[in-house]
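# Working through the structure, step by step
Single-letter residue listing:
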Amino acid sequence: MEKIKIPYIIGDGTGKDIWNASREVLEEAVIRAYNHEKEIEWVYLLAGQNALEQKGVLLPDETLHTIREIKFAIKGPLTTPVGGGFRSMNVYLRQIFDLYVCLRPIKYIKGLPSPIKNPERVNIIVFRENTEDVYKGIEWAAETEDVRKLIDFLKESMEIDLPYDSGIGIKPISRKGTERFVNWVLNYAITHGRKKITIVHKGNIMKYTEGAFRAWAYEVYERFMKDSAGKEIMVNDIIADNMFMQIILRPEEYDILLCPNLNGDYLSDCCAALVGGLGVAPGANIGDEIAIFEPTHGSAPKYAGKDIVNPLSFIFSACMLFEHIGLKEAKELIEKAVEKTISEGIMTYDLARLSHGIQPVKCSEFGRALIERMG
């Protein structure tokens, strides 16, 4: 039997519940899809609170070394504190491995609760630049000596007068970072048969960051247009606030949303709400050499150990990993099992509370239900 090594990080908070419900689903899918000729060999990695408790650091060197060696991994949610403390382990992983593409597919599954009348029209991929904008942002806290120096510099050198009780942030967006991101997405669109890319920006106000992102994206597209393959794709753009309205009113008109970091963050959560919420929304962070797959929701520590959270975001993220490493048949087996399970009204609490007459099942029970319905 062929052993397929897959590094995994359980994650913080509800990560253990999700992992316990998902592990056997993923293992069974590989075994059944390939008639017992392949199986997963899990490679346990430490990160987050588990690593801090066992190793005294949030991200051990061994974890980074293994990911570099195998080139991919799947991880559960890691806690990101608000306010003080470390910035974000998720952001750090994306930056240290230069995972500049965030890919979040949003597709409706029949039976999922939705706030819109025709959710079956939703089949969108949100692409988010993953290393710049606020992820590379620099901040100065209000009423500190550092921010006072910056405010003095702005006033003396640029005649920009700001009150001294201001907090200040800088969001860099570069030509190089934008061009490689847009190139990647255009190639993805061509190879996956997507027909339309919409650039989402606030370039009417932030002319030299998000406005530049828009302009550079069009320049890359113009170069693609010289190739016959590029002519199959239409590219347009839309102001970010208008995009939020349009995606709710006319989701069928959108295919790929091409976003700077912060816009993509907001929009991917908004789009997920159209098909059941973050509990069913998967994510991938991809670079030229390494890819890390992860659920899009947080660690939800208040629900840890209660066996009630939805494992689908993690499971669908694993499906994306399966496709990435050539296990497409296993991916399809899981997707069909999910469709059958949801169609029978078997859901965890986050989906059941938005539905009529559905009694929620536990996280672990949902995992078992998937296996029972797996062909």
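Just above sits the structure.
Residues numbered from 1 in each chain as written. Predicted model: local features only at pLDDT ≥ 70, side-chain atom pairs only at ≥ 80, totals over all residues. Heavy atoms only, no water.

### A closer look at the overall build of the protein chain
Across its full length, the protein chain carries 13 helices and 12 strands. On C-alpha atoms alone, the protein chain measures out to a radius of gyration of 22 Å, which is about the 21 Å that the 2.2 N^0.38 rule sets for 375 residues. By its C-alpha atoms, the protein chain is 70 × 55 × 45 Å across when sized along the principal axes. Put simply, the protein chain has 375 residues, and 53% of those count as buried. Within the protein chain, contacts between residues separated by at least 24 positions form 73% of all contacts whose residues are at least 6 apart in sequence. Put simply, the protein chain shows about 17,700 Å² of open surface, and 51% of that area lies on carbon and sulfur atoms. Side chains of the protein chain give 46 positive and 53 negative charges; the mean places of these two sets differ by 3 Å. (Helix = DSSP H or I, 4+ residues; strand = E, 2+ residues; numbered from the N terminus. Rg over C-alpha atoms; globule rule 2.2 N^0.38 Å. Buried < 20%, exposed > 50% of the residue type's maximum accessible area, 1.4 Å probe, protein only. Contact = heavy atoms within 4.5 Å. Areas by Shrake-Rupley, 256 points an atom, 1.4 Å probe, with all protein chains shown as cover. Lys, Arg positive; Asp, Glu negative; His and termini not counted. Charge placed at Lys NZ, Arg CZ, Asp CG, Glu CD.)

### With respect to the nonpolar core
Within the largest apolar cluster, 112 residues are counted, with the highest numbers of intra-cluster contacts made by Leu257, Phe322 and Ile334. The element contributing the most residues to this core is helix 10 (residues 312–324), with nine residues. When neighbours within four sequence positions are excluded, Leu257 is seen to be in contact with Ile124, Ile125, Val126, Phe127, Thr198, Val200, Met243, Ile247, Leu267 and Cys271. Counting five residues, the second-largest nonpolar core is a separate cluster that includes Val147, Ile151, Leu154 and Ile168. (Core = buried A, V, L, I, M, F, W, Y, C linked by side-chain atoms within 4.5 Å.)

### Some thoughts on unusual backbone geometry
If a residue is not glycine, its phi is most likely negative; likewise, a peptide bond is most likely trans. Even without glycine at this site, Asp98 takes up a positive phi of about 55°. In this structure, Asp98 sits in the loop between helix 4 (89–96) and strand 4 (101–107). The phi dihedral of Glu143 falls on the positive side, at around 60°, and the residue is not glycine. Residue placement: Glu143 occurs in the loop between strand 6 (138–140) and helix 5 (145–158).

### Some remarks on the environment of Phe72
On the secondary structure map, Phe72 appears in strand 3 (residues 72–75). Along the sequence, Phe72 and Pro7 sit 65 residues apart, while their C-alpha atoms lie 7.2 Å from each other. Once residues lying within four places of it in the same chain are set aside, the contact partners of Phe72 are Lys5, Ile6, Pro7, Ile67, Ala291, Leu321, His324 and Ile325.

### Overview of a nonpolar patch on the surface
Where nonpolar side chains cluster on the molecular surface, the patch consists of Phe153, Met158 and Ile160 and spans about 280 Å² of accessible area. Position of Ile160 among the secondary structure elements: in the loop between helix 5 and strand 7 (168–170). Look at Ile160 and you get partly exposed, because its relative accessible area is 36%. (Patch = residues over 30% accessible without salt bridge, like charges linked within 9 Å, V, L, I, M, F, W, Y side chains within 5 Å. Salt bridge = Lys/Arg side-chain N within 4 Å of Asp/Glu carboxyl O.)

### Here we look at the side chain of Asp307
Note that Asp307 resides in the loop between strand 12 (291–295) and helix 10. Notably, Asp307 is buried but unbridged: the nearest opposite-charge side chain belongs to Lys362, and the N-O separation is 4.9 Å. With residues up to four places along the chain from it excluded, the contact list for Asp307 reads Asp17, Lys362, Cys363 and Ser364.

### Overview of the packing of helix 11 (residues 328–343) against helix 13 (residues 363–372)
Where helix 11 meets helix 13, the axes come as close as 8 Å, and the angle between the chain directions of the two elements is 115°. In this structure, helix 11 crosses over helix 13, and the sense of that crossing is right-handed. In this structure, helix 11 uses Ala337, Val338, Thr341 and Ile342 to contact helix 13, whose residues at the interface are Phe366, Ala369 and Leu370. The class makeup of the residues in the contact of helix 11 with helix 13 is six nonpolar, one polar and no charged. (Axes fitted to C-alpha atoms, helices over the stretch in contact; angles between N-to-C directions. Left-handed = near helix turned anticlockwise from the far one by under 90°. Nonpolar A, V, L, I, M, F, W, Y, C, P; charged D, E, K, R; others polar.)

### Describing the sheet that holds strand 3
Taken in spatial order, the 10 strands make up an open sheet running 2-1-3-12-11-4-5-10-8-9, and their pairing is mixed. A single partner strand is all that each edge strand has here, and the edge strands are strand 2 (38–45) and strand 9 (234–239). Between one strand and the next, the sheet's axes are offset by a mean angle of 25°, whatever the strand orientation. Where strand 4 and strand 5 (residues 123–129) come together, seven bridges link them in antiparallel fashion. Considered in strand 5, the bridge of Cys102 is made with Arg128. Of the strands in this sheet, strand 1 (2–9), strand 2, strand 3 and strand 12 are in contact with helix 3 (residues 61–70), which crosses strand 2 at around 150°. In this fold helix 8 (residues 240–249) packs onto strand 5, strand 8 (196–201), strand 9 and strand 10 (256–259), with an angle of close to 110° to the strand it touches most, strand 9. (Pairing = 2+ DSSP bridges.)

### As for the packing of aromatic side chains
Both the distance between ring centres and the angle between the ring planes are used here to describe each pair of aromatic rings. Evaluated as defined, the whole model comprises 10 aromatic pairs. Aromatic side chains Tyr8 and Trp19 sit 4.1 Å apart centroid to centroid with 10° between the ring planes, which places their arrangement in the stacked category. Taken as a pair, Tyr8 in strand 1 and Trp19 in helix 1 (residues 15–33) lie far apart in primary sequence, 11 residues in all. Grouping residues by exposure puts Tyr8 and Trp19 together as buried. Ring centres of Tyr8 and Tyr44 lie 5.6 Å apart, and the angle between their planes is 55°; this geometry places the pair in the tilted category. Placement of the pair is Tyr8 in strand 1 and Tyr44 in strand 2, with a sequence separation of 36 residues. Classification of Tyr8 by relative accessible area gives buried; the value is 8%. Members of the aromatic cluster, connected to one another through ring pairs, are Tyr8, Trp19, Trp42, Tyr44 and Phe314. Its end group placed over the ring of Tyr34, Lys38 keeps NZ or CZ at 4.5 Å from the ring centre. A cation over a ring is seen here: Arg148 above Tyr164, with NZ or CZ 4.2 Å from the ring centre. (Phe/Tyr/Trp six-rings, centres within 6.5 Å; stacked < 30°, edge-to-face > 60°. Lys NZ or Arg CZ within 6 Å of the ring centre and 35° of its normal.)

### Here we look at the pattern of salt bridges
In total, this model carries 24 salt bridges according to the counting rule given. A salt bridge links Glu62 to Lys55, with the nearest nitrogen and oxygen atoms 3.4 Å apart. Note that Glu219 is salt-bridged to Arg175, the shortest N-O span being 2.8 Å. Of this pair, Glu219 sits in helix 7 (residues 210–225) while Arg175 sits in helix 6 (residues 175–191), placing them 44 residues apart in sequence. Residue Glu219 is classed as partly exposed on the basis of its relative accessible area, which comes to 34%. Judged by its relative accessible area of 38%, Arg175 is partly exposed.

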